[in-house]
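Per-entry structural report
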Amino acid sequence: MGQINLAVIGCGSWGRNLVRVFRDLGALKVVCDEDEGGREEARQLAPEATILGDFQTVLDRDDIRCVVLATPAETHEGLALKALAAGQDVLVEKPMALNCQQGLRMHKAAAKHDRILMVGHLLEYHPAVLRLRELIAKGVLGRVNYIYSNRLNFGKIRTEENALWSFAPHDIAVILRLVGELPLEVTCTGGSYLTPNLADITMSCLHFRTGLRAHIFVSWLNPFKEQKLVVVGDKQMAVFNDVAKEEKLVLFNQRVDFNNRQPVIQKGASEVANFPADEPLRRECEHFLDCVRTRRQPLTDSLSGIDVLRVLQACQVSLQLNGRPTLIGEHWFTDPRP
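Fair warning: this is a prediction, and the values are worked out from it, not measured in the lab.

Right, let's get into the overall build of the chain. For the chain, the count of helices and strands is nine helices and 15 strands. Projected onto its principal axes, the C-alpha positions of the chain cover 75 × 45 × 40 Å. Expressed as a percentage of its 338 residues, the buried residues of the chain come to 53%. Taking contacts inside the chain between residues at least 6 apart in sequence as the whole, the part at least 24 apart equals 64%. For the chain, the exposed surface amounts to about 15400 Å²; the carbon and sulfur share of it is 49%.

In this structure, Asn150 sits in strand β7 (residues 144-154). A distance of 3.1 Å separates polar atoms of two side chains, one belonging to Asn150 and the other to Glu226. The residues touching Asn150, leaving out its near neighbours within four places in the chain, are His215, Phe217, Glu226, Gln227 and Lys228.

Another point: the pattern of salt bridges. Summed over all chains, the structure comprises 20 salt bridges. The salt bridge partner of Arg151 is Asp171, with a shortest N-O separation of 2.7 Å. With Arg151 in strand β7 and Asp171 in helix α7 (residues 163-179), the pair connects residues that are 20 residues apart, well separated along the chain. Accessibility assignment for this pair places Arg151 and Asp171 in one class, buried.

Quick look at the state of the cysteines now. Summed over all chains, the structure comprises zero disulfides. Left unpaired, Cys32 is separated from the closest cysteine sulfur, that of Cys11, by 11 Å. Free cysteine Cys291: the closest other cysteine sulfur is in Cys66, separated by 11 Å.

Our focus in this paragraph is the packing of helix α1 (residues 15-24) against helix α8 (residues 280-294). Interaxial distance between α1 and α8 falls to 10 Å at its minimum, and their mutual angle equals 60 degrees. Taken together, the axes of α1 and α8 are oblique relative to one another. In the crossing of α1 with α8, the sense of the turn from one axis to the other is right-handed. Together, Asn17, Leu18, Arg20, Val21, Phe22 and Asp24 of α1 and Leu281, Arg282, Cys285, Phe288 and Leu289 of α8 make up the contact between the two elements. Taken together, the residues of the contact of α1 with α8 sort by class into seven nonpolar, one polar and three charged.

Quick look at the sheet that holds strand β1 (residues 6-9) now. Taken together, the six strands give an open sheet; going across it, the order is β3-β2-β1-β4-β5-β6, and neighbouring strands pair in parallel fashion. In the strand order of this sheet, the two ends are held by β3 (50-52) and β6 (117-120), each with one partner. This sheet shows a mean twist of 20 degrees between the axes of neighbouring strands, independent of strand direction.

Below, the discussion takes up the pairing of strand β9 (residues 201-207). Looking along a regular strand, one sees the side chains alternate between the two faces of the sheet. Here strand β8 (residues 185-191) pairs with β9 via seven bridges, running antiparallel. Along β9, the bridge assignment pairs Gly190 with Thr202. Direction of pairing for β9 relative to strand β10 (residues 213-219): antiparallel, over a ladder of seven bridges. Each bridged residue has a counterpart across the sheet, and for Leu206 the counterpart in β10 is Ala214. Where β9 hands over to β10, the hairpin turn is made up of five residues, of which Gly211 adopts a positive phi near 100 degrees.

Counted according to the given criterion, the structure contains two aromatic pairs. When the ring of Tyr146 is compared with that of Tyr148, the centres are 6.4 Å apart and the planes differ by 45 degrees; the resulting orientation is tilted. Judged by its relative accessible area of 29%, Tyr146 is partly exposed. The class of Tyr148 is partly exposed, set by a relative accessible area of 24%. With a centroid separation of 5.9 Å and an interplanar angle of 90 degrees, the aromatic rings of Phe167 and Trp220 are classed as edge-to-face. Taken together, the positions of Phe167 in helix α7 and Trp220 in the loop between β10 and β11 (221-233) put the pair 53 residues apart, joining distant regions of the chain. Note on accessibility: Phe167 and Trp220 belong to one class, buried.

Another point: a nonpolar patch on the surface. Side chains of Ile157, Tyr193 and Leu194 sit close together on the surface and give an oily, nonpolar patch of about 330 Å² of accessible area. Along the chain, Leu194 falls in the loop between β8 and β9. A relative accessible area of 47% places Leu194 in the partly exposed class.

Calculation notes
Residues numbered from 1 in each chain as written. Predicted model: local features only at pLDDT ≥ 70, side-chain atom pairs only at ≥ 80, totals over all residues. Heavy atoms only, no water. Helix = DSSP H or I, 4+ residues; strand = E, 2+ residues; numbered from the N terminus. Buried < 20%, exposed > 50% of the residue type's maximum accessible area, 1.4 Å probe, protein only. Contact = heavy atoms within 4.5 Å. Areas by Shrake-Rupley, 256 points an atom, 1.4 Å probe, with all protein chains shown as cover. Polar contact = N/O pair within 3.5 Å; in protein donor to acceptor, adjacent residues only side chain to side chain. Salt bridge = Lys/Arg side-chain N within 4 Å of Asp/Glu carboxyl O. Disulfide = S-S within 2.5 Å. Axes fitted to C-alpha atoms, helices over the stretch in contact; angles between N-to-C directions. Parallel < 35°, antiparallel > 145°, perpendicular 65-115°, else oblique. Left-handed = near helix turned anticlockwise from the far one by under 90°. Nonpolar A, V, L, I, M, F, W, Y, C, P; charged D, E, K, R; others polar. Pairing = 2+ DSSP bridges. Phe/Tyr/Trp six-rings, centres within 6.5 Å; stacked < 30°, edge-to-face > 60°. Patch = residues over 30% accessible without salt bridge, like charges linked within 9 Å, V, L, I, M, F, W, Y side chains within 5 Å.

Worth remembering: the numbers are spatial, not functional.
In structure tokens, the structure reads:
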């Protein structure tokens, strides 16, 4: 297939990382940002790239095979549909769209034009998460009974999307991948303290057919940064702490046995799980380029992106109804966001 020439659309707080990695991979040809500040950032990061301010000029170029959308979520559908219609493969950052209808239109457009459409659920490419998936598949943790994640920080405050839509997509994507199915029902509660009707803190609970439950706590009003995923199995427990500099994935040989119908706590030694020290974003970008070359579907394809949207949308409905249990699919063709 030869050289893949790629355009990154948006060079803001996250787009600059995509510019850096795709430049290092030798695929970056164009950076497009309607804001002069973004274009200046791109000139500093990739002086050899062509810097543009109009997305249409990217679509008109014959030398661009694919585009990477690192723009606000409300622009994703419109930009993706134009790029797909122009014959370009697309990597779109999370959240894929603002609701499932938009995501479904993007998916259908990719199928119609026979294009790759990949969603940037970065944690699914994290070596620690890949190792965790392997351990669960091998039965090292036993039957998984409970999963929880905390994604907390002070800052990264949005005024267009709430903390649920801004922080939770990564965690939802990982939990769905680990469990291997959609939840039947969700509940979500939260609080708005900075902007009316825009939740700064949410707690989402996911109930699965197997009896497994998961919860996701997100906040941008926390005094310290925490990014932690805990998986509780009936043989062992695992903790993925993405903030830790070392020992990011630790297994705890802890379980509960029964003796004469009485629970007996068994506490064994903890063990650090090893995994490659690869940068997750580089892995994600390499995977996208490989899918463009081979025409195989990405790990985080558009259908997985829609599944994440279904959970997000159901959580948003529950949030607006003060935590009322909401069935997955019950409202997935409407946009419940304020």
